[in-house]
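Architecture at a glance
Here is how the chains run, residue by residue.
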Amino acid sequence: MSTFAIVVIAVAAVLVLLFAFGYLGALRRIRHPRTGDRIAAADRALEQARASDRGWDRDGMADVVIQALTAERPDFEWTKIELVLVDDKPGVANDRAVMAASGPGGIVRVTLARHEAGEWFAELVH
């Protein structure tokens with residue numbers, strides 16, 4: 001057998017092993033029970049970073065969510081309110097955000113929008 005054939009076989013074997021171990025690692029990561037939680041947490045962190053980078057007042061937005069929940073869902077009890085989506089389009093009046101209030105009764109999402117002056121209001125409670 002030539003030296004070239006031995007090198008080709010060795011390289012092919014290494015590539016097959018790398019592919020197999022990579023595939024098994026990816027399967028293990030996908031099947032991990034907390035993978036979905038980790039992805040959701042990363043998405044929330046990204047949306048929070050995008051919102052704070054654009055000068056949005058997260059505390060003011062949370063106050064609007066609390067007012068909307070008190071008016072629309074007075075029996076709903078929440079333990080935390082999280083920013084889950086930022087839709088920052090050109091123009092202040094085109095900005096949208098979705099915040100999720102979660103508690104023992106489940107999750108209620110509130111879609112927020114902005115007036116031209118910049119103040120937030122609850123557009124939809126769902």
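Every chain is numbered independently, its residues counted from 1 as its sequence is written. Totals for whole chains, interfaces and linings use every residue, but because this is a predicted model, local features are given only for residues with pLDDT of at least 70 and side-chain atom pairs only at 80 or more, for both listing and counting. Heavy atoms from the whole structure form the basis of all side-chain values; hydrogens and water molecules are not counted.

What follows is about a nonpolar patch on the surface. Together, Val7, Val11, Val14, Leu15 and Leu18 give the surface a local cluster of nonpolar side chains, amounting to about 470 Å² of exposed area. By the criteria applied, helices consist of DSSP H or I runs no shorter than four residues and strands consist of E runs no shorter than two, each listed in order from the N terminus. With respect to the secondary-structure elements, leucine 15 resides in helix α1 (residues 3–31). We call a residue buried when its accessible area falls under 20% of the maximum for its residue type, exposed when it is over 50%, and partly exposed in between, using a 1.4 Å probe and counting protein chains only. Judged by its relative accessible area of 53%, leucine 15 falls in the exposed class. To count toward a patch, a residue needs a relative accessible area above 30% and no salt bridge. Like charges then connect within 9 Å, nonpolar side chains (Val, Leu, Ile, Met, Phe, Trp, Tyr) within 5 Å. Here the accessible surface of atoms and residues is derived via Shrake-Rupley with a 1.4 Å probe, and residues count as covered only by protein chains that are part of the display. The term salt bridge refers to a side-chain nitrogen of Lys or Arg lying within 4 Å of a carboxyl oxygen of Asp or Glu.

Okay, the sheet that holds strand β3 (residues 106–114) next. The strand order β1-β2-β3-β4 describes an open sheet built from four strands, whose pairing is antiparallel. This sheet does not close on itself; its edge strands, each paired only once, are β1 (80–87) and β4 (120–125). Each strand axis lies, on average, 30° off the axis of its neighbour in the sheet, ignoring direction. When DSSP finds two or more bridges between a pair of strands, those strands are recorded as paired. Direction of pairing for β3 relative to β4: antiparallel, over a ladder of five bridges. Following the sheet pairing, threonine 111 is matched in β4 by leucine 124. Where helix α3 (residues 58–72) meets the sheet, it contacts β1, β2 (96–103), β3 and β4, and its direction lies at approximately 45° from that of β4. For helices, the axis comes from a line fit to the C-alpha atoms of the stretch in contact; other axes are also lines fit to C-alpha atoms, and the angle between any two N-to-C directions lies between 0 and 180 degrees. Any two residues whose heavy atoms approach within 4.5 Å at even a single point are treated as in contact.

The term nonpolar core refers to a set of buried residues drawn from Ala, Val, Leu, Ile, Met, Phe, Trp, Tyr and Cys, joined through side-chain atoms within 4.5 Å. Of all hydrophobic cores here, the largest spans 20 residues; its most connected members are Met61, Leu69, Met99 and Leu112. Elements supplying a minimum of two residues to this core: α3, β1, β2, β3 and β4. Ranked by residue count, the leading element in this core is α3, at six residues. Not counting chain neighbours up to four residues away, the residues in contact with methionine 99 comprise Arg58, Met61, Ala62, Val65, Ile81, Glu82, Leu83, Val84, Val108, Arg109, Val110 and Leu112.

Locating proline 104 in the fold gives a position in the loop between β2 and β3. The sequence separation of proline 104 and proline 74 amounts to 30 residues, and the corresponding C-alpha distance is 14 Å.

To continue, consider the pairing of β3. Bridging between β2 and β3 involves eight bridges; their strand directions are antiparallel. Bridging from a neighbouring strand, methionine 99 pairs with valine 110 of β3. If you look at the hairpin formed by β2 and β3, you'll find two residues sitting between the two strands. Between β3 and β4, which follow one another and run antiparallel, lie five residues, and glycine 118 among them has a positive phi close to 110°.

Considering the arrangement of structural elements, one finds glutamate 47 in helix α2 (residues 35–53). For glutamate 47, a relative accessible area of 9% gives the class buried. Those residues within four positions of glutamate 47 in sequence are excluded, and the remaining contacts are Leu83, Val84, Leu85 and Val86.

What follows concerns the pattern of salt bridges. Considering all chains together, one arrives at five salt bridges under this definition. Of the charged contacts in the structure, one is a salt bridge between glutamate 82 and arginine 44, with a shortest N-O distance of 3.1 Å. Taken together, the positions of glutamate 82 in strand β1 and arginine 44 in helix α2 put the pair 38 residues apart, joining distant regions of the chain. Under the relative-accessibility criterion, glutamate 82 is labelled partly exposed at 21%. A relative accessible area of 26% places arginine 44 in the partly exposed class. Taken together, the shared-partner salt bridges connect Arg44, Lys80 and Glu82 into one network.

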